[in-house]
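One-letter residues, chain by chain:
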Amino acid sequence: MTDSLFSEDQIPPALHVTHAGIWMAFPNGNIQSLDRQTAVNLLQKTPLILLNAPMVASRLKIEETSGLDLLELFAFVHPARFAVPTASGLARYLGLDVPEDDVSAARILHQITNHLLKTLSDPKWQERGGAWDSAAALARRQWNWSPFIEAYLEKPLHPEAWLFSRLPEWEDTPPRSPIRPVVLSPEEADESLGKTLGEQAESRPEQRRYARHVSQIFSPREKEDEPHLLLAQAGTGIGKTLGYLAPAAEWAEKAEGTVWISTYTKALQRQLGREAERIFPDFQQYREKVAIRKGRENYLCLLNLEEALQGNYRYRTNILVQLVARWAAYSRDGDMVGGDLPGWLISLFRRNGALSLTDRRGECIYSACPHFRRCFIERAIRATKNARIVIANHALVMLLATGDKSEDSYLNRLIFDEGHHVFESADSTFAAAFTARESCELRRWLTGSGSRRRRKGLSEIAGYDEKIADAVEELKEAARFLPSDSWLKNLSEDKPQNGIERLFLAIHHMVKSRADKSEQGYSLEIEIIDVDQAVADAAKESQTALHALREPLLLIGKRLEQLLVESPDWLNNAVRGKIEGLMNALGRREMILSSWLNLIERLTGAAEANFIDWLAIDRIDGREYDIGIHRHWIDPTHPLAEDVFKSAHGLLITSATLGVGRVSLSEPEAEKAEDGLLWDMAEQRSGAKHLDIPLLHFEAKSPFHYRDAAEIFIVTDIQKNNLASLSNGYVRLLEAAKGGALGLFSSIHRLRRVYTMIVDHLARQGLPLYAQHIDPMDTGTLVDIFRDDPHASLLGTDALRDGIDVPGQSLRLVIMEGLPWPRPTVAHAARRRAWGGRAYDDQIIRAKLAQGFGRLIRSQHDKGAFVLLSSAVPSRLLNAFPEGVPIHRLPLDEVTAMITEKCRLE
C-alpha cells in the first residue's frame, strides 16, 4: 500500500476466497493462488485481511474463522452507512477502481484497507465524534483492528461526551387537533400528483386516473362501521406509490390528519420512505411530516445496550456491542432490522448477540428507564403522533388497531400496499399458540432470569406491601411448573420435570405416531381430533398449573393499580414509571395465559366452526426446536374486517396482483365467468366481503409491453424429482443467460442440493451464485449483492418471490423449479375444504406465478424470460401471466438457445 504508516512487513496478507479459487494478496501487489488446506492452516496461524469472515468460512467449508474483517473496519469508520459487502461494492463506495476478476478483487483488499485507515486521520471525516473512546473500548476487548486504528486515530483534545448523553431527547407535544371533515376531490388529487411529478415528468394517464380514484377513500364516512373501501389492482409500472402518496399527503395536510401506509415487506417500506421524499423534498419538513414505524422488537433498546456494554460477554459479542454502540450515535432512528444498521454487520456475529439488544421479551420499564427521554422507540411513537404520513407494516397496523390503544394512532385512513398479503398478515396476527418455547420464555420473565438491571423484576416490587410480597412468592412457586431452559433435553430423554413438560411430551408422542412424515425436514402437524389419554390427562394438570399462575398475576396487577390511585409518599415519578411499565407487562402476560388456557381446553373439548386447531412439532432441517398447540381462523380476514376495517373511515387495498386467480366457484363455472369475478377473489382474500357496504373497484393494466419484453418457457424434458436433471437445467440456463438469474424453490432441501451441485462449476466461469438459507447473510444483503453484479445469480424461496425490486440488467431470468403447490398443512387443508378444493389451490398457484413473473419486468427497458422447469403445467393456470406474453413448451436444448438471445447482456 502507498502512503501507509505501516511498512510492508507489518501489513498482513489479504485472503480472497470464492467458489472458483483462493488467492492471497501481498502488500507489494503480488498474488499467490492457494489450495484450501493451505488457506485454512494460514488462517489458524495469523490474522489475515478478509472480507466477510463468515462467508470466507463457508467457502472454505469450516465452521468459523476470524481475522481482520474489512466489513468490521468499515462499520467502525462509517457507522450507519451501507455498502454492498463485496470487493466490488466497497471499492465502488470508496471511489476506487472496481475489480474485474478474482485476482484484481484480491489485490484491491489492501487498497480498501488503506483507504479506510487513512480516513481516520482525514480532517473532513464526518464520524470522528466518539471514535477515540470506541476504539479504546475495542482495544480493551482485543479487537484485531485495534493496533492499526491506534496508529491513525488522534486523541481528541477534550473528553468526548458519552454515547447516551449525545443522543437527542424527544419533546412532548400538545394533543392533536380533531381531524377536519375535508373532502378531497378527484381534481385535487390529480393536481397534487402533478405538482409532485413536475412538468418534465413522463405522461402516465393510468397513474393520474389511479390518483383520482384514490381520492374517494378520503371522503367523510356517512355511517359508523362503514368505511369507504377501494380495492385497486394497479399493474407494475403505472406508478401506484406516488399515485396514492400524493393525494394522501394532500388530504392529511388539509384535514390535519394522518394517513397510515402499510406494507408487507421491509424492502417496500424502505422504498416508500424514499418516495415520500418527493412529496416533502425539504429534509426538515420530511422529518416532521413522515414517520417510519415498526414493532418495538426492531429498535435498539438503550438500556439493553448499556447493560451489554458493562457486561462480560464472549469476545465476538463484545465486539458487536461496541460497533452497535458506535452505530447508535449516528443512526437516524435506531432501527436494527431494515434500518440504517447494515444487515451484513449482524451476520458477522452470532445473531443472538444482536437480538439481545432489542426489546424482544417485553421487558421495557418505560418512564422508569434512565434513557426514556432518548429512547428510539418512544421517539418513533411520538413522531407518529405528529406525522402526516406514517409508513408501517401490516402486522403492526393490525396490532395497534386491535391491541393497546394508548398510542392514539389515528388509524382512520389506511392504505394497504402489497394488499395480496393482507390475508397472510391477518392469519398470523389473529392466531394463537401455546408452545414449549413461549412458556419457557414466560418462566424466565417471571423468575427474573433476564438482564442484570431488571433481574430483580417482581422481587423488587415485593417490598411495596405485604399483599404484593405474598403474591410474588406464590407466582414464583407456580412458575416452577412451566418448562425450564432444559425442556428440550428433558423431553428428548423422556424425563419431563413438571406437568406442562409432561403435556408437551405427550403431544410429541401423539404427533409422531399420527403425522405424515413424507416431507423430510418440515414441521410435523396433526389436527386435534380424539386426543390420546396421556394428552388429556396432562392437559388437566397443565390447566391447574396455569390457573395457579394467573391468579397471583391478576392480584399483583390490581394491587399495583391501587397503589397508583392511593399515591403513598414514597411513590415518586421513577417508581410510578416502573409500576406503570410492570402493569403493562403483567397485562400482556395475563392475556397470554388466558389464551393458553383456551387452547388447552380445546384438547378435550369440541371444535369450533370458525377455527382450525392442530398440534405441531416445529423443525428446521429436521431438527426439532418447539412443540405446541396452534389455533388459526379458517378465514382470518373476518376479525380483520371486524377489528381493523370497521373502525377506519377510509381504506385502500392495492397491489399489482390483487385479483389474480379466482375462488368461490367450481372450475367449470370459473372458466365461463366474466372479468367481474376477479373482484370476488380480491374481496374474499382481503376481507372486504365481510363489510356490508358498497365496495369501490379500480383496475389499471401495466403500461409495459410484455409481449415484446418477456417470454415464458415451460421446459418439457426435466425429470420430476430428479436432482441431477434439475441441476443440469439450472446450469444450462444460467450459462445461457450469463447470470442475472433469480431461481425460486418451493423446498429448501432441493435448493441446497442444487446449489451444492452447480456452484463451483458456475464460479469457474465467472458466474457467482448466492443462495438464501446457505450463504451466511440476511436476505436483504443477498439481494443487494445480486443487484450489484449483472453476472451473479441468486437462489431462494418464498421471501424472494415477492417484495424485491431488481430492475435492469441484474435480473434477466426468473426460474421456478416447478409449480408452487401449496404445502399440505392442516390449516391449508381446512381452507381447501371450505373454499372450493382444487379451485382454491389454483388461486394460490396463480398468485405465486404472477408474483414470480412480476420480479422480471420492472421498467420500460427491461427484457427477460420466465422459465418453469416442469412439463406438467395445466393450461388453466397460464392466465396468471399478462395477456399476450408468448408461452413456449420446449425441451431444454431449445429453451437455452432462445434464452441466450433473449437474456444477453446489453
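The structure contained in this document is the topic of the report that follows. (Residues numbered from 1 in each chain as written. Predicted model: local features only at pLDDT ≥ 70, side-chain atom pairs only at ≥ 80, totals over all residues. Heavy atoms only, no water.)

**Describing the overall build of the chain**
Test applied: Each helix corresponds to a stretch of at least 4 residues labelled H or I by DSSP, and each strand to a stretch of at least 2 residues labelled E; elements are numbered beginning at the N terminus. To get the radius of gyration, use the C-alpha atoms; to get the globule rule, take the number of residues to the power 0.38 and multiply by 2.2 Å. Buried means the residue's accessible area, taken with a 1.4 Å probe over protein chains only, is under 20% of the maximum for its type, while exposed means over 50%, and partly exposed covers the values in between. Contacts are assigned to residue pairs with any non-hydrogen atoms lying within 4.5 Å of each other. Note on areas: Shrake-Rupley, 1.4 Å probe, and residue coverage restricted to the protein chains presented here.
Along the backbone of the chain there are 38 helices and 23 strands. Whereas a compact globule of 906 residues would reach a radius of gyration of roughly 29 Å, the chain reaches 29 Å, a difference of no more than 12%. Structurally, the chain occupies a C-alpha span of about 75 × 75 × 65 Å along its principal axes. Across the 906 residues that make up the chain, the buried fraction comes to 56%. Taking the intrachain contacts of the chain between residues at least 6 apart in sequence as the baseline, contacts between residues at least 24 apart amount to 75%. Accessible surface, the chain: about 39,100 Å² in total, of which carbon and sulfur atoms supply 49%.

**Notes on helix 1 (residues 36-45)**
Basically, it comes down to this: The directions from the helix axis to the C-beta atoms form the arc being described. Identification of polar contacts relies on pairs of N or O atoms within 3.5 Å, with a donor-acceptor requirement for protein atoms, meaning one able to donate a hydrogen and the other able to accept it, and with residues adjacent in sequence counted only if both atoms are side-chain atoms.
Among all positions in helix 1, only Ala39, Val40 and Leu43 are buried. Angular distribution of buried residues about the axis of helix 1 spans 100°; they occupy a single face of the element. Of the exposed residues in helix 1, those oriented more than 90 degrees away from the buried face are Gln44 and Lys45. Those residues of helix 1 hidden inside the fold are in contact with strand 1 (14-18), strand 2 (21-25), strand 3 (31-34), strand 4 (49-50) and helix 2 (53-60). Regarding helix 1, its N-cap is Asp35, as a side-chain oxygen of that residue lies 3.1 Å from the backbone nitrogen of Gln37 further along.

**Concerning the environment of Ala249**
Relative to the helices and strands, Ala249 resides in helix 11 (residues 240-255). Residue Ala249 is classed as buried on the basis of its relative accessible area of 8%. A sequence separation of 90 residues divides Ala249 from Pro159, and the C-alpha atoms of the two residues are 45 Å apart. Once residues lying within four places of it in the same chain are set aside, the contact partners of Ala249 are Ile279, Phe280 and Ile389.

**Observations regarding the sheet that holds strand 20 (residues 793-796)**
Note the following rule: At least two bridges found by DSSP between two strands is the condition for calling them paired. Whenever a helix is involved, its axis is fitted only over the stretch in contact; in every case the axis is a line through C-alpha atoms, and angles between N-to-C directions fall within 0 to 180 degrees.
One open sheet accounts for seven strands, arranged 19-20-18-21-22-17-23; its pairing is parallel. Of all strands in the sheet, those with a lone pairing partner are strand 19 (769-771) and strand 23 (887-890), marking the two edges. Strand-to-strand twist across the sheet, computed as the mean angle between neighbouring axes with direction ignored, equals 20°. Relative to strand 20, strand 18 (residues 741-744) is paired through three bridges, and the arrangement is parallel. Opposite Leu742, over in strand 20, you have Leu794 as the bridge partner. The strands that helix 32 (residues 723-737) touches are strand 18, strand 19, strand 20, strand 21 (813-816) and strand 22 (864-868); relative to strand 21, the one it contacts most, it runs at about 175°. Running at roughly 150° to strand 22, helix 37 (residues 838-853) makes contact with strand 17 (710-715), strand 18, strand 21 and strand 22 of the sheet.

**Things to note about the nonpolar core**
So the rule is basically this: Residues belong to a common nonpolar core when they are buried Ala, Val, Leu, Ile, Met, Phe, Trp, Tyr or Cys residues joined through side-chain atoms within 4.5 Å.
Counting 69 residues, the largest nonpolar core has Leu70, Phe76, Ile149, Leu300 and Leu305 as its most contacted members. Here this core takes eight residues from helix 15 (residues 315-328), the largest share from any one element. Beyond its immediate stretch of four places on either side in the chain, Leu70 contacts Ile49, Leu50, Leu51, Leu90, Leu109, Ile112, Thr113, Leu116 and Trp145. Within the second largest apolar cluster, 59 residues are counted, among which are Ala462, Val472, Ile528 and Leu549.

**Some words on helix 21 (residues 436-447)**
Here is the rule: Helix span is expected to be 1.5 Å times the residue number reduced by one.
Taking 1.5 Å per residue, 12 residues should reach 16 Å; helix 21 reaches 16 Å between its end C-alpha atoms and fits that length. All of the buried residues in helix 21 are Ala436, Ser439, Cys440, Leu442, Trp445 and Leu446. Phi for Gly448, located one or two positions after helix 21, is positive at around 75°.

**Considerations on the environment of Trp596**
Here Trp596 shows up in helix 27 (residues 573-604). For Trp596, a relative accessible area of 2% corresponds to the buried category. Along the backbone, Trp596 and Ala433 are 163 residues apart, and their C-alpha atoms lie at a distance of 7.1 Å. Beyond its immediate chain neighbours, meaning those up to four positions away, Trp596 contacts Ala433, Phe434, Glu438, Ser439, Leu442 and Leu546.

**Side note on a positive patch on the surface**
To be explicit about the condition: Like-charged residues within 9 Å of one another, or nonpolar side chains (Val, Leu, Ile, Met, Phe, Trp, Tyr) within 5 Å, are grouped into patches, provided each residue has over 30% relative accessible area and no salt bridge. Here a salt bridge means any side-chain nitrogen of Lys or Arg lying within 4 Å of a carboxyl oxygen belonging to Asp or Glu. Here the positive residues are Lys and Arg and the negative ones are Asp and Glu; neither His nor the chain ends is included. The atom standing in for a charge is NZ when the residue is Lys, CZ when it is Arg, CG when it is Asp and CD when it is Glu.
A contiguous patch of positive charge on the surface is contributed by Lys266, Arg270, Arg274, Arg351 and Arg360. Top element by residues in the positive patch is helix 12 (residues 266-279). It accounts for three residues. Exposure remark for Lys266: the relative accessible area of 37% places this residue in the partly exposed category.

**Notes on the pattern of salt bridges**
One pass over the full model with this rule turns up 44 salt bridges. For Asp893, the salt bridge identified is with Arg732, shortest N-O distance 2.6 Å. With Asp893 in helix 38 (residues 892-902) and Arg732 in helix 32, the pair connects residues that are 161 residues apart, well separated along the chain. The class of Arg732 is partly exposed, set by a relative accessible area of 26%. A cluster of three or more residues bridged by salt bridges with shared partners is formed by Asp172, Arg373, Glu378 and Arg382.

**Brief notes about unusual backbone geometry**
With the exception of glycine, most residues fall at negative phi, and the peptide bonds are largely trans. Here Ala80, not a glycine, exhibits a phi torsion of approximately 65°, which is positive. Looking at where Ala80 falls in the secondary structure, it is placed in the loop between helix 3 (70-77) and helix 4 (87-94). A positive phi angle is found at Asp225, which is not glycine, with a value near 70°. Residue placement: Asp225 occurs in the loop between helix 10 (205-214) and strand 6 (228-234). The partly exposed category is assigned to Asp225, whose relative accessible area is 38%.

**Focus: the environment of Arg361**
By the element assignment, Arg361 lies in the loop between helix 17 (351-355) and helix 18 (376-386). Remark: the alpha-carbon pair of Arg361 and Glu297, spanning 64 residues in sequence, is separated by 8.4 Å.

**Digging into the packing of helix 3 against helix 15**
To keep things clear, this is the line we draw: The residue classification treats Ala, Val, Leu, Ile, Met, Phe, Trp, Tyr, Cys and Pro as nonpolar and Asp, Glu, Lys and Arg as charged. All others, Gly included, are polar.
Where helix 3 contacts helix 15, the axes come no closer than 9 Å and their chain directions differ by 35°. Residues Glu72, Phe76 and Val77 of helix 3 form the contact with helix 15, whose own contacting residues are Arg316, Ile319, Leu323 and Arg326. In the contact of helix 3 with helix 15, the residues fall into four nonpolar, no polar and three charged.

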